[in-house]
Amino acid sequence: MNVLEYFKPIKAFMFDVDGVLTDGSVILLENGLQARTMNVKDGLALQMALKAGYRVIIVSGGSSEPVRGRLRYLGLEDVHLGLKDKLKFLEQLKEQYSLDWNEILYMGDDLPDLAVLEKVGLSCCPADAVAEVKSIVKYISPVEGGKGAVRDVIEKVLKVNHHWRYVPEITSR
């Protein structure tokens, strides 16, 4: 089977934060805050997915208000931080949104993501994910986390479904 066939039925994207939407680095500031960077190309793709009618869900075991703020600024409402059991949470969302497993794309990069990656229809990871994750996913992006890996998978889903369209009002990145 061509891997792009897994991208066609996707209706919902679910992304981890650290190592996927960020490069996994944390900058420790003197005031005790921790700073992360996110890629604006990922941000535009997230907005394009929302505009095209896809569900976009962000999950993380960590909890950062600046991360929540950035994602809300981009228009994402399904931002769930501080999760202890991502799979249990996803099972609840799957039922709430009436989704089938094959309609869900999840991108994770590390050991806490394994249970979810084993369950979803399209399991993905960035190029710099850990070996255990790379060994079970259906698609490994050639792009590293925080550097456009999210854009890579969103673009593939939208293009294969003929939804890849730039809409000017979403340019506030």
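Owing to the predicted nature of the structure, the values given are computational and were not obtained by experimental measurement.

**Some details on the pairing of strand E7 (residues 122–125)**
In step 1: Alternating positions in E7 separate into two faces, Leu122 and Cys124 on one and Ser123 and Cys125 on the other, with burial throughout.
In step 2: As paired strands, strand E6 (residues 104–107) and E7 are joined by 3 bridges and run parallel to one another. Across the sheet, residue methionine 107 finds its bridge partner in E7, namely cysteine 124.
In step 3: Of the crossover connections in this fold, the one passing from E6 over helix H5 (residues 114–119) to the parallel E7 is right-handed.

**A closer look at empty space enclosed by the protein**
In step 1: Per the counting criterion, the structure on display carries 2 cavities of 30 Å³ or more.
In step 2: In this structure, the largest cavity spans a volume of roughly 40 Å³.
In step 3: Split into classes, the residues belonging to the lining of the largest cavity amount to 3 nonpolar, 4 polar and 2 charged.
In step 4: Estimates place the volume of the second largest cavity at around 30 Å³.
In step 5: Lining the second largest cavity, in full, are Leu21, Met38, Asn39, Asp42, Gly43, Leu46, Arg70 and Leu74.
In step 6: Looking at which element gives the most residues to the lining of the second largest cavity, the answer is helix H2 (residues 40–51), with 3 residues.
In step 7: A breakdown of the residues in the lining of the second largest cavity according to their chemical character gives 4 nonpolar, 2 polar and 2 charged.

**With respect to the UniProt feature "binding site: Mg(2+)" (unreviewed entry) in the protein**
In step 1: Using the residue numbers shown here, the UniProt feature "binding site: Mg(2+)" (unreviewed entry) corresponds to Asp16 and Asp109. Separation in sequence by 94 residues is not matched in space for these annotated residues, since their most distant C-alpha atoms are only 7.8 Å apart.
In step 2: Assignment of secondary structure puts aspartate 16 in strand E1 (residues 12–16).
In step 3: Owing to a relative accessible area of 6%, aspartate 16 belongs among the buried residues under this scheme.
In step 4: Within the structure, the side chain of aspartate 16 is placed 3.0 Å from the side chain of lysine 86, a separation counted as a polar contact.
In step 5: Residue placement: aspartate 109 occurs in the loop between E6 and H5.
In step 6: For aspartate 109, a relative accessible area of 11% gives the class buried.
In step 7: When near neighbours in sequence (up to four residues on either side) are disregarded, aspartate 109 contacts Asp16, Asp18, Gly19, Val20, Pro126, Ala129, Val130 and Val133.

Thresholds applied
- Residues numbered from 1 in each chain as written.
- Predicted model: local features only at pLDDT ≥ 70, side-chain atom pairs only at ≥ 80, totals over all residues.
- Heavy atoms only, no water.
- Buried < 20%, exposed > 50% of the residue type's maximum accessible area, 1.4 Å probe, protein only.
- Helix = DSSP H or I, 4+ residues; strand = E, 2+ residues; numbered from the N terminus.
- Pairing = 2+ DSSP bridges.
- Right-handed = clockwise from strand over helix to strand, strands pointing away.
- 1 Å grid on protein atoms, 1.4 Å probe; cavity = no way out; pocket = protein on both sides within 12 Å on 5 of 7 lines; lining within 4 Å.
- Points joined across faces, edges and corners; volume = space filled by probe spheres on them.
- Nonpolar A, V, L, I, M, F, W, Y, C, P; charged D, E, K, R; others polar.
- UniProt positions renumbered as here; feature names shortened; annotations may be inferred.
- Polar contact = N/O pair within 3.5 Å; in protein donor to acceptor, adjacent residues only side chain to side chain.
- Contact = heavy atoms within 4.5 Å.

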